[in-house]
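# Structural characterization, general
Take a look at the letters that make up each chain.
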Amino acid sequence: MLAAYFNSLHEAVNRRMALVLAGVAVLVAGTFWWIVQLKPLPDGTSMIFLGTNFLGPATLAVPSVFGAEIQQTGVLWLLLAIFAAAPLLTSALEKGWIELTLSKGTSRWKIFLGRFLGGVTLYFVTFLLATFPVALRLWWKTGVGPGPLAIALLIQTLSFAALLSVVALATLPQKGMALPVMAAVAVWFFSPSLARRQQSYYSFFTSHVSRGILEWIYRILPKCSELESMCFAYIRDGKIATWWPFWSTGIFAAAMLGLSLCLLQRKSF
Amino acid sequence: MNPAIETHDLQKAYRTLMRRKPVPALQGVSLRVEPGTIFGLIGQNGAGKTTLVKILLGLSRPTSGSARLLGGSPGDSASRRRIGYLPEQMRIPEYMKAKSFLHYMGRLNGVNSNTMKQRVPELLEKVGLAGVNKPVKSYSKGMQQRLGLAQALLNDPEVLFLDEPTDGLDPLGRKDVRDLLVSLRAVGKTVFLNSHLLSEIEMVCDHIVILNRGQVACAATPAEFTRGTGEYLVRVAVATDAVRAAAAEVLGASNGNGVRGNASNTTKAGWTENTLRFAPRDREQLNALIDRLRSAQAEIDSVEPVRLSLEQFFLQVVGAQE
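Residues numbered from 1 in each chain as written. Chains lettered and ligands numbered in written order. Predicted model: local features only at pLDDT ≥ 70, side-chain atom pairs only at ≥ 80, totals over all residues.

## Here we look at the overall build of chain B
Check the secondary structure of chain B and you find 11 helices and 13 strands. At 26 Å, chain B has a C-alpha radius of gyration far larger than the 20 Å of a compact globule built from 322 residues. The principal-axis extents of the C-alpha atoms in chain B amount to approximately 75 × 50 × 40 Å. In chain B, buried positions account for 39% of the 322 residues. Taking contacts inside chain B between residues at least 6 apart in sequence as the whole, the part at least 24 apart equals 67%. (Helix = DSSP H or I, 4+ residues; strand = E, 2+ residues; numbered from the N terminus. Rg over C-alpha atoms; globule rule 2.2 N^0.38 Å. Buried ≥ 20, exposed ≤ 12 C-beta atoms within 10 Å, placed from the backbone. Contact = placed C-beta atoms within 7 Å.)

Quick look at the structure:
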């Protein structure tokens, strides 16, 4: 599995996907570095500005900066990374290559799981690169640590893993990466409206049965929207009211990935 | 001794969304490949050769029947670590270089890094790619094929599956591959060769199976396939009228240009310029003909039995079943 994992990272770099993401991450980090300004006060504390907006003293303003980072880059990074990571899974199943890799003495599921983890790593590392430099600078200057941001990144990474597991499953029955990417983006796209299903859909789905189906769809699908809210809440308050979106998204990702690996094991090439 | 490869009544049918009836690819294929031999599999396009190889490699599942590879199941990782495979349509990611590709293939096959440090340069030297340090996208078809061969040999496999191994290679490269196969056999390795180039199969294989429409149409050794037809070719320096008359005297009645024996003498004979092709009743008649030709002052260049080439035999077998 490690061989497939490192090969996927090698591929991500050589196919420029990782380099493009890293380039955008540096750009994002540079932008935040530039717009977040610290004004030291005579008593040794600092005031923080986001551009021209005054955020307040460091202890209060640092979480706001973290929140702004997640808000500005979270969605962008999910979508960019899906486009970048999907080829790592689809290319593993290309004719002429899969015969070579699957005829070796490593189980199919290990190869596929290694590449999946490579995709997740690609997301996490580049997202870290985009958001953490400013957090480290603030830590250095104000003493307010980046712990909440790190937790938020991990929560967001779970959200990405769930979307990538959709890509993994959609990759198996067909060739190409258009359908897997569309499936993952669709799941992400409907996530906010499903979270607010009473307001979004109940006026269209009036029967008890259709609303029940809608409820189940919501329960099953990953809760990207709620996970993002969880991140903000954790950064702001340091605690999370309910872990339900986290666990249910985790179960979804594990189930989709497990199903993908199971189908891959049984598939004839 | 346990066979390296064994299949019993192997059946494979493909189901498609468009067709109700499954399409049979293999229909009851039973074969046995002994260790230390080169086994050749031939057949038309769509005969089921690649399907058979894929089942033996665990890439595809049979609909029914069984397959054993080195005594284990083809789907078993431990069995697969003991084999090498060169697919027909190999596609190596373009960004890879020869060394990184071989290292990845080796790691997937559980080859430890110390062994790889030694084996990779050796194999690159062996296949003529030593010192080539550019991405695979700039390789010619022949170079890719050589690299594919190197990866198949990386784990020092006991059984080597080669699907069209000389595809894209120049004549010298083809000879190198043939020599390599023979040298592998000499050290006890088993080679399962799938090729359209019948002359190659004929040259190196110990056993050959012709697959036709998913069934074993014929299985034998190359010598059995290319056995004599019972006919002989006698070449003389100049086929004068006297020489032709002498031949007709031994073989039967003359019909002018050629000789045509009656039913009791010979079945068939005929001249093409200075060459007489005929099927003698027995060795005595063959010797009598030579004696008679010599007495007619004929200068005999050669006397040789007519043998079927594997290609002719293949066409006969496949043609008969069409």
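Still to come is the rest of the account.
## Notes on the pairing of strand 9 (residues 215–220) of chain B
A regular strand carries its side chains on alternate faces of the sheet. All names here are of chain B. Sheet topology places strand 8 (residues 207–212) next to strand 9; 5 bridges connect them, and they run antiparallel. Residue Ile-210 lies in a different strand from strand 9, and its bridge partner there is Cys-218. Linkage of strand 8 to strand 9, two consecutive antiparallel strands, is achieved through a turn of 2 residues, within which Arg-213 is found at a positive phi near 50°. (Pairing = 2+ DSSP bridges.)

## Re the interface of chain B and chain A
Counting from both sides, the interface comprises 22 residues of chain B and, opposite them, 20 residues of chain A. Contributing elements (two or more residues each) for the side of chain B that touches chain A: helix 2 (77–80) and helix 3 (98–108) of chain B. No other element matches the 4 residues that helix 3 of chain B contributes to the side of chain B that touches chain A. Across the side of chain B that touches chain A, the residue classes tally to 11 nonpolar, 5 polar and 6 charged. (Nonpolar A, V, L, I, M, F, W, Y, C, P; charged D, E, K, R; others polar.)

## Considerations on helix 5 (residues 141–153) of chain B
All names here are of chain B. Taking 1.5 Å per residue, 13 residues should reach 18 Å; helix 5 reaches 19 Å between its end C-alpha atoms and fits that length. Taken residue by residue, helix 5 has Met-143, Gln-145, Arg-146, Leu-147, Gly-148, Leu-149, Ala-150, Gln-151, Ala-152 and Leu-153 as its buried positions. Against the buried residues of helix 5 lie strand 5 (83–86), helix 3, helix 4 (113–126), strand 6 (159–163) and helix 6 (171–186). (Expected span 1.5 Å × (residues − 1).)

## Digging into helix 10 (residues 224–237) of chain A
Each full turn of the α-helix corresponds to 3.6 residues, which orients residues three or four apart in the same direction. Residue and element names in this part refer to chain A. The terminal C-alpha atoms of helix 10, which comprises 14 residues, lie 20 Å apart, in line with the 20 Å expected from a rise of 1.5 Å per residue. Three or more residues of helix 10 are buried, namely Cys-224, Glu-226, Leu-227, Glu-228, Met-230, Cys-231, Tyr-234 and Ile-235. Looking one or two places after helix 10, you find Gly-238, whose phi comes out positive at around 75°.

## Here's the deal with the environment of Trp216(A)
With respect to the helices, strands and loops of the structure, Trp216(A) is situated in helix 9 (residues 208–220). Spatially, the C-alpha atoms of Trp216(A) and Ser200(A) are 16 Å apart, while their sequence positions differ by 16 residues.

## Topic: the sheet that holds strand 3 (residues 53–57) of chain A
Residue and element names in this part refer to chain A. Spatially, the 3 strands line up as an open sheet ordered 1-2-3, and their pairing is antiparallel. What marks the edges here is a single partner per strand, and that holds for strand 1 (36–40) and strand 3. Mean inter-strand twist for the sheet, computed between neighbouring axes without regard to direction, equals 25°. Relative to strand 2 (residues 46–50), strand 1 runs antiparallel, the two being bridged by 5 bridges. Bridging from a neighbouring strand, Lys-39 pairs with Met-47 of strand 2. (Axes fitted to C-alpha atoms, helices over the stretch in contact; angles between N-to-C directions.)

## Re the packing of helix 6 (residues 147–171) of chain A against helix 10 of chain A
All names here are of chain A. Packing of helix 6 against helix 10 leaves a shortest axis separation of 9 Å and a crossing angle of 175°. It follows from the interaxial angle that helix 6 and helix 10 lie roughly antiparallel. The residues of helix 10 that touch helix 6, namely those facing Pro-148, Leu-149, Ile-151, Ala-152, Ile-155, Gln-156, Leu-158 and Ser-159, are Cys-224, Leu-227, Met-230, Cys-231, Tyr-234 and Ile-235. Partitioned by chemical class, the residues of the contact of helix 6 with helix 10 number 12 nonpolar, 2 polar and no charged. (Parallel < 35°, antiparallel > 145°, perpendicular 65-115°, else oblique.)

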